[in-house]
Amino acid sequence: MIETHAHIYDEQFDEDRDAMLKRAFAAGVKQIWMPNCDHETIDGMLALEQQYPNVCHAMMGVHPCYVKEKFEEELAVVEQWLERRKFIMIGEIGLDFYWDLTFVAQQEEVFLRQLALAKKYNLPICIHSRNSKNNEHNAILRCIELIKQFGWEDLRGIFHCFSGNLEEAQKIVEINFLLGIGGVATFKNGGMDTILPHIDLKHLVLETDSPYLAPVPYRGKRNEVVYLELVARRIAEIKARDFEEVVQQTTQNALSLVGLKS
């Protein structure tokens, strides 16, 4: 299995990080992709990549929740790192309308400028798209609009932690992006049981978003990478497919996206 989105550098893992990773590796997780948030998360992320070469892979980007007054400084750090070395993806980037709408214009500017970096370095992107609490402001559809506005046909990537509706899922597939499926698939009212039967396995990848969004039966507790198997088994159940087939196809989808070998 390939974990396409986990914040394993997060302080919630400071007490047992190595043990947590050993549990994941023992369960069959072969790679872990780490999204960046801002300048403060880079050191811990790169240290893990160095500690687990060819297993832990770093992304580079500015998370929309970290887009504030000093977003130019954050973008400058991202640009400096991309000039220095290769990263697996640009991410995580996107739009977050959940907490407040103060910096929406800045989020959109930062998103578009990071799409330009994806084009410059020919890298896929990892998209964070969270709607407002009342769903009045739709981050998924706005990200799609901005992608179309940007107009680079080779742009590709993952809409991470997908929790939208079927129409949104189909629009994502139409622009050649993958759906990152995590713990929400196991939630009783998560809605994935009505969406995933209509989406081909070739459009899906696995993720946990650890330490957030733990799947059932661990919902509400700290999430960790070993629970990726629960996500894969739930997808298999929803789609009436073999667990092994889900693992094989999602692994191939992930590797093809970033040009890596297993």
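Our structure is the block above this text.
Okay, so let's go over this structure.

What follows concerns the overall build of the protein. Along the backbone of the protein there are nine helices and eight strands. Computed over the C-alpha atoms, the radius of gyration of the protein is 17 Å, within 12% of the 18 Å expected from 2.2 N^0.38 for a compact globule of 262 residues. Considered along the principal axes of its C-alpha atoms, the protein spans approximately 45 × 40 × 35 Å. A separation threshold of at least 6 residues defines the contact pool for the protein, and within that pool the share at least 24 residues apart is 73%. Entry remark: accessible area of the protein is about 12,200 Å², with carbon and sulfur atoms responsible for 46%. Across the protein, 28 positive and 39 negative side-chain charges occur, with their mean positions spaced 4 Å apart.

Sheet strands pair via backbone hydrogen bonds, and the direction of the pair is either parallel or antiparallel. Here five strands make up an open sheet; going across it, the order is S4-S5-S6-S7-S8 and the pairing parallel. Across the chains shown, the open sheet's two edge strands, defined by having one partner strand only, are strand S4 (90-96) and strand S8 (204-206). Strand after strand, the sheet turns through a mean of 30 degrees between neighbouring axes, direction not considered. The pairing of strand S6 (residues 157-159) with strand S7 (residues 177-181) spans three bridges and is classified as parallel. Residue pairing for S7: Phe 159 is matched across the bridge by Leu 179. Along the sheet face, helix H6 (residues 166-174) touches S6 and S7 and points at about 135 degrees away from the line of S7.

What follows is about the packing of helix H4 (residues 104-121) against helix H5 (residues 139-150). It is at 11 Å that the axes of H4 and H5 come closest, and there the two elements cross at 50 degrees. Between H4 and H5, the angle is such that the two are oblique. Regarding H4 and H5, the two cross each other, and that crossing is right-handed. Of the residues in H5, those touching H4 at Glu 108, Phe 111, Leu 112, Leu 115, Ala 116 and Lys 119 are Arg 142, Cys 143, Leu 146, Ile 147, Gln 149 and Phe 150. When the residues that make up the contact of H4 with H5 are grouped by side-chain class, the tally is eight nonpolar, one polar and three charged.

Right, let's talk about the pattern of salt bridges for a bit. Taken as a whole and assessed by the stated rule, the structure comprises 15 salt bridges. Between Glu 49 and Arg 85 there is a salt bridge, with its nearest N and O atoms 2.6 Å apart. On the criterion of sequence distance, the pair formed by Glu 49 in helix H2 (residues 42-51) and Arg 85 in the loop between helix H3 (71-84) and S4 is long-range, its members being 36 residues apart. For Glu 49, a relative accessible area of 16% corresponds to the buried category.

Let us look at the nonpolar core. Counting 77 residues, the largest nonpolar core has Ile 8, Phe 159 and Ile 181 as its most contacted members. If we skip the residues at most four places from it in the chain, Phe 159 touches Ile 127, Ser 129, Ile 140, Cys 143, Ile 144, Ile 147, Ile 172, Ile 175, Phe 177, Leu 178, Leu 179 and Gly 180. Trp 33, Ile 158, Val 205 and Leu 255 belong to the second largest nonpolar core, which has 13 residues in total.

The relation between two aromatic rings is expressed through the spacing of the ring centres and the mutual angle of the planes. For the structure on display, the rule yields five aromatic pairs. One cation-aromatic arrangement involves Arg 85 over Phe 87; the distance from NZ or CZ to the ring centre is 4.0 Å. For Arg 219, the ring lying beneath its charged end belongs to Phe 187, and the centroid distance is 3.6 Å.

Calculation rules
- Residues numbered from 1 in each chain as written.
- Predicted model: local features only at pLDDT ≥ 70, side-chain atom pairs only at ≥ 80, totals over all residues.
- Heavy atoms only, no water.
- Helix = DSSP H or I, 4+ residues; strand = E, 2+ residues; numbered from the N terminus.
- Rg over C-alpha atoms; globule rule 2.2 N^0.38 Å.
- Contact = heavy atoms within 4.5 Å.
- Areas by Shrake-Rupley, 256 points an atom, 1.4 Å probe, with all protein chains shown as cover.
- Lys, Arg positive; Asp, Glu negative; His and termini not counted.
- Charge placed at Lys NZ, Arg CZ, Asp CG, Glu CD.
- Pairing = 2+ DSSP bridges.
- Axes fitted to C-alpha atoms, helices over the stretch in contact; angles between N-to-C directions.
- Parallel < 35°, antiparallel > 145°, perpendicular 65-115°, else oblique.
- Left-handed = near helix turned anticlockwise from the far one by under 90°.
- Nonpolar A, V, L, I, M, F, W, Y, C, P; charged D, E, K, R; others polar.
- Salt bridge = Lys/Arg side-chain N within 4 Å of Asp/Glu carboxyl O.
- Buried < 20%, exposed > 50% of the residue type's maximum accessible area, 1.4 Å probe, protein only.
- Core = buried A, V, L, I, M, F, W, Y, C linked by side-chain atoms within 4.5 Å.
- Phe/Tyr/Trp six-rings, centres within 6.5 Å; stacked < 30°, edge-to-face > 60°.
- Lys NZ or Arg CZ within 6 Å of the ring centre and 35° of its normal.

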